Protein chains: 2
Amino acid sequence: MKTQVDLDIAHIDKYVSDSRKSYEAQLKELVDIPTVSMDPECKKDIEKAAATAAKFLESIGAKAEIIKTKGNPVVVGHLEQGSQYPTVAIYNHLDVQPADAEEWKTKPFEMTIENGTYRGRGTTDDKGPALTVMYAAKYIKEQNIPVNIKFFWEFEEEIGSPHYEQFLKDHKSKLATNSVVISDTIWVSRERPAIQYGLRGLQGLMIKLKTGVKDVHSGLTGGLARNPIGELAQVISECYDARTGEVKIPGFYDDVRPLSDAELANFLKSGFSVDGFKKAHELHSLRTEDIKDAVQRIWARPTFEVHGIVGGYKGPGVKTIVPHDAEVKISMRLVPDQDPDKVLACVTKFIKEKCPDIEIIKEGTLRPFFSDPDNVFNKAAAESMKFAFGKDPAFNREGGSIGAVVSMHDELKVPIIFMGLSLPEHGYHAINENFDWQQASGGMKMFIKYFSLVSAMTK
Amino acid sequence: MKTQVDLDIAHIDKYVSDSRKSYEAQLKELVDIPTVSMDPECKKDIEKAAATAAKFLESIGAKAEIIKTKGNPVVVGHLEQGSQYPTVAIYNHLDVQPADAEEWKTKPFEMTIENGTYRGRGTTDDKGPALTVMYAAKYIKEQNIPVNIKFFWEFEEEIGSPHYEQFLKDHKSKLATNSVVISDTIWVSRERPAIQYGLRGLQGLMIKLKTGVKDVHSGLTGGLARNPIGELAQVISECYDARTGEVKIPGFYDDVRPLSDAELANFLKSGFSVDGFKKAHELHSLRTEDIKDAVQRIWARPTFEVHGIVGGYKGPGVKTIVPHDAEVKISMRLVPDQDPDKVLACVTKFIKEKCPDIEIIKEGTLRPFFSDPDNVFNKAAAESMKFAFGKDPAFNREGGSIGAVVSMHDELKVPIIFMGLSLPEHGYHAINENFDWQQASGGMKMFIKYFSLVSAMTK
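Just so it is clear, the structure is predicted and the values come from calculations on it, not from any experiment.

(A) Quick look at the domain arrangement of chain A. All names here are of chain A. Per the domain assignment, the segments of chain A are domain 1 (4–199 + 368–455) and domain 2 (201–256 + 301–366). Here the C-alpha centroids of domain 1 and domain 2 sit 36 Å apart. At the interface, eight residues of domain 1 touch nine residues of domain 2. Of the residues contributing to the side of domain 1 that touches domain 2, the split by class is three nonpolar, five polar and no charged.

(B) Representation of the pairing of strand 11 (residues 305–310) of chain A in the model. Residue and element names in this part refer to chain A. Along strand 11, six of the six residues are buried, which leaves the element largely enclosed by surrounding structure. Note that strand 11 and strand 13 (residues 325–334) share five bridges and pair antiparallel. Among the inter-strand pairings, Ile 309 is bridged to a residue of strand 13, identified as Val 328.

(C) How the structure looks around the sheet that holds strand 17 (residues 416–418) of chain A. All names here are of chain A. Spatially, the six strands line up as an open sheet ordered 1-2-6-3-7-17, and their pairing is mixed. Of all the strands in the sheet, the pair left with one neighbour each is strand 1 (63–67) and strand 17. Neighbouring strand axes in the sheet, compared pairwise and without regard to direction, differ in orientation by 20° on average.

(D) Inspection of the interface of chain A and chain B at higher detail. Each partner contributes residues to the interface: chain A has 73 residues there, and chain B has 69 residues. The leading source of residues in the side of chain A that touches chain B is helix 7 (residues 228–239) of chain A, at seven residues. Split by residue class, the side of chain A that touches chain B holds 28 nonpolar, 30 polar and 15 charged.

(E) Expanded view of the sheet that holds strand 16 (residues 394–398) of chain A. Residue and element names in this part refer to chain A. Ordered in space as 15-8-16, the three strands form an open sheet in which the pairing is mixed. Strands with a single pairing partner mark the edges of an open sheet, and in this sheet they are strand 15 (369–370) and strand 16. Where strand 8 (residues 194–199) and strand 16 come together, four bridges link them in parallel fashion. The residue of strand 16 that forms the bridge with Gln 196 is Asn 396.

(F) Representation of helix 11 (residues 340–354) of chain A within the structure. Residue and element names in this part refer to chain A. Compared with the 21 Å implied by 1.5 Å per residue over 15 residues, the 21 Å span of helix 11 between its first and last C-alpha is a close match. Listing the buried residues of helix 11 in full gives Val 343, Val 347 and Ile 351. Within helix 11, the buried residues cover an arc of 60° as seen down the axis, which keeps them to one side. Exposed and facing more than 90 degrees away from the buried side of helix 11 are Asp 341, Ala 345, Lys 352 and Glu 353. Along its buried surface, helix 11 packs onto strand 9 (201–210), helix 7, strand 13 and strand 14 (359–366).

(G) Highlighting the environment of A:Asn144. Residues and elements named next belong to chain A. For Asn 144, the position within the fold is in the loop between helix 3 (123–142) and strand 6 (148–154). Of the residues examined, Asn 144 has 11 C-beta atoms within 10 Å and is grouped as exposed. Each C-alpha atom of the pair Asn 144 and Gln 81 lies 7.4 Å from the other, and the pair is 63 residues apart in sequence.

(H) Seen up close, the packing of helix 1 (residues 9–31) of chain A against helix 3 of chain A. All names here are of chain A. Here helix 1 crosses helix 3 at 140°, and the two axes come no closer than 10 Å. Between helix 1 and helix 3, the crossing angle belongs to the class labelled oblique. Seen along the crossing, helix 1 lies across helix 3 with a hand that is right-handed. From helix 1, Ile 12, Tyr 15, Ser 19, Tyr 23, Gln 26, Leu 27, Leu 30 and Val 31 reach across to helix 3, where they touch Thr 123, Lys 127, Gly 128, Leu 131, Tyr 135 and Tyr 139. Residue classes in the contact of helix 1 with helix 3 are distributed as nine nonpolar, four polar and one charged.

(I) Just the confidence of the model for chain A, in detail. All names here are of chain A. In the predicted model, chain A carries a mean pLDDT of 95, and the fraction of residues at 70 or more is 99%. Low pLDDT (under 50) marks residues 1–5, which in the prediction has 13 contacts with non-local residues, meaning those over four places away or in another chain. What the predictor reports for the complex is a pTM of 0.86 with an ipTM of 0.90.

(J) Structural detail: unusual backbone geometry. Backbone torsion omega between A:Asp125 and A:Asp126 reads 15°, so that peptide bond is classified as cis. Relative to the assigned elements, A:Asp126 resides in helix 3. Looking along the chain, the bond that leaves B:Pro336 and enters B:Asp337 is cis, with omega of 5°. Its place among the elements puts B:Asp337 in the loop between strand 13 (325–334) and helix 11 (340–354). Even without being a glycine, B:Asn115 presents a positive backbone phi close to 50°. Considering the arrangement of structural elements, one finds B:Asn115 in the loop between strand 4 (112–114) and strand 5 (117–119).

So, how was this worked out
Residues numbered from 1 in each chain as written. Chains lettered and ligands numbered in written order. Predicted model: local features only at pLDDT ≥ 70, side-chain atom pairs only at ≥ 80, totals over all residues. Domains from an automatic or database assignment. Contact = placed C-beta atoms within 7 Å. Nonpolar A, V, L, I, M, F, W, Y, C, P; charged D, E, K, R; others polar. Buried ≥ 20, exposed ≤ 12 C-beta atoms within 10 Å, placed from the backbone. Helix = DSSP H or I, 4+ residues; strand = E, 2+ residues; numbered from the N terminus. Pairing = 2+ DSSP bridges. Axes fitted to C-alpha atoms, helices over the stretch in contact; angles between N-to-C directions. Expected span 1.5 Å × (residues − 1). Arc of directions from axis to C-beta. Parallel < 35°, antiparallel > 145°, perpendicular 65-115°, else oblique. Left-handed = near helix turned anticlockwise from the far one by under 90°. pLDDT = per-residue confidence, 0-100.

In structure tokens form, the structure reads like this:
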């Protein structure tokens, strides 16, 4: 068996370059299957993609198993070099967000390749990174580097991983590992790799108000009839100040972990810029232009967010009805050490006090996550990133939530490290989502290096 | 020539009773033509109905003319007894709301007759009342009662009468009259006739906020990205208290004409009941259960109403995006003596102060209307209602808006009186719209009496 010291950069470069065609073909095969976990009509596509993914894993010499859950399956791969060597598991997910074809430049579920850019739903989130890891693992296998690699490929990440925790409980021995790498995060900019050591959590909810049986005539009833859209809008504005983002619900901020000076300093060195952020997300204006405030808002502060208000008239112009029901879709991003149950209790109490006949429906819950940025795995990850991309990574936190992370931390009881490859301009959850060969090829080198570093660790 | 003192009740009763068969046949002929002004495919039906209406008017001895406008025609009839006599014009409209056949008990454009109930789209709004007036006029002509009667039969009322004002301007001399009767309003209950002496106006607007190019990921951007739905919800709740309905925009209430004690007393005697209102409109709860407050809210107070909020995520569950744009559809019902332009200026100033980058788009405007409930025409109308229906009418105001009314008031410069025949249970704009012989036969007597009273007035 080789060890990491034997890595031959030219050899790796050639391997990566030789892999491009087959990587692109396999990525297209996966992206072209619409694995939208939110859409019940995609059940068959998810089964098909699971079979395809298992076939891919087997093609590199891994054992692959499609493990059923009460929801979508999880594909588990195992590239075994020997039980005496360390084991590292890599988590990716192969389900995707929905996509409205009419808004896209190209068909979201027909991946296109143009100048090394792969466009299609799921290219960057998270099929592209998943296959990148697989190609690194293939090299490890071919070179006999002494490390065992497990693949945890989920199909319910975009709906909050509702069955993943049970899956972990049910298959603990099969999933045993010394650490887990999550490859589903985003760098701050293409200029500098980034490692996240914290995640925001999430608490979703819907609030509904129904005041009648049908929309009524605003001339005949207006003034006397209640207006559920108006009342819900009022409750929202009592919950938070949308201009500043400040949540006004008593108790909401109680358990927020204060940001240390060192963390803030790292955030400011991460390559984040307010202008870059605006450009990446195509935002015209922000709640603040101050960088110190900005980085804390996205990485270390909780939010209250309104995603949509359903009810009433939606067509062109104005139709003078009084709506009879309305529903507001809300979620809160939570930070360490907020507890979703406690936050939900605060919010429920507050809204019920404001308007007792609002119905509150609990939606998905994800706990926030925090790990030590200085542990050995994060150090190895940093070294691998420098090896592949030529720059020390930034250490920041992730503003999003990955439900599976907290579950894996709880169930597998091993360190969890984030080594993402996506970029802000890749359009996570947005139209024209894309990934690119620069990140895929760099990613392959990064993971080859990381696996070799892990192989040298004591088990 | 006879005068009103010669009216013979038995003779009228016989005339009305003898007219039933032909009234019903003609009503069916009109209702069976789908004159949906909102539907461009009904253009030919509208032409056909205009020809039919003109033919009906000619059959009672009136001159009839189909006057073209840039939109649908107006049928003008003239039953002339002598230029030395007073002239009264009756406004009705022969266009109708759309109807979804699947929701109806019977086909909406095939009128059925069952126990004196006429079911079909347009039976009560407003073809039934139009023909009722015509049969009263026929009696006047047959009896040589000295009054000239003009018929203004519009075909664009249901789309806000966009060409009616120009029609009035273009044909002023032809339309000259000493007063106008609108027969297109609804009693508070079958138990008691009602005369409206005021209408609410309307100012529509849309407010829009666009903070980016596309919806973005609430994990990646939440806290820093602005949320246009949240901000617009906040502006709405600054504009008005949706729970009470109170508008908080400075200057909004400035020109609201105080309701006199006599008016309020009339409202309370109108037959209105809070329970009846809830039942009629299928509302679970209201802003108040107090009848004194309730009647003022719908008839004498302005409103701020949100009809819908477009933007963000509308599907099932919660999709954790930050929306990039949103649009709120708003209208305000205005009361005498509010001026829509002045109100719009207040609202615009207020919203721009709260959030300068909200775009404000002006939508339809209708001025409120107020006439003296004690003028001679309203007195004659009240006497006619008592003559026909055995009860003094209620005097109330109409919560809705009729654009043609203000135009006629401005252009023809004569008093405008409301003598409606529709009932809440007739289903204005609703499924299974109907009218009935009780209201039609009573209406014929009412108009015969009214025309005879007008004939006795000095010109």
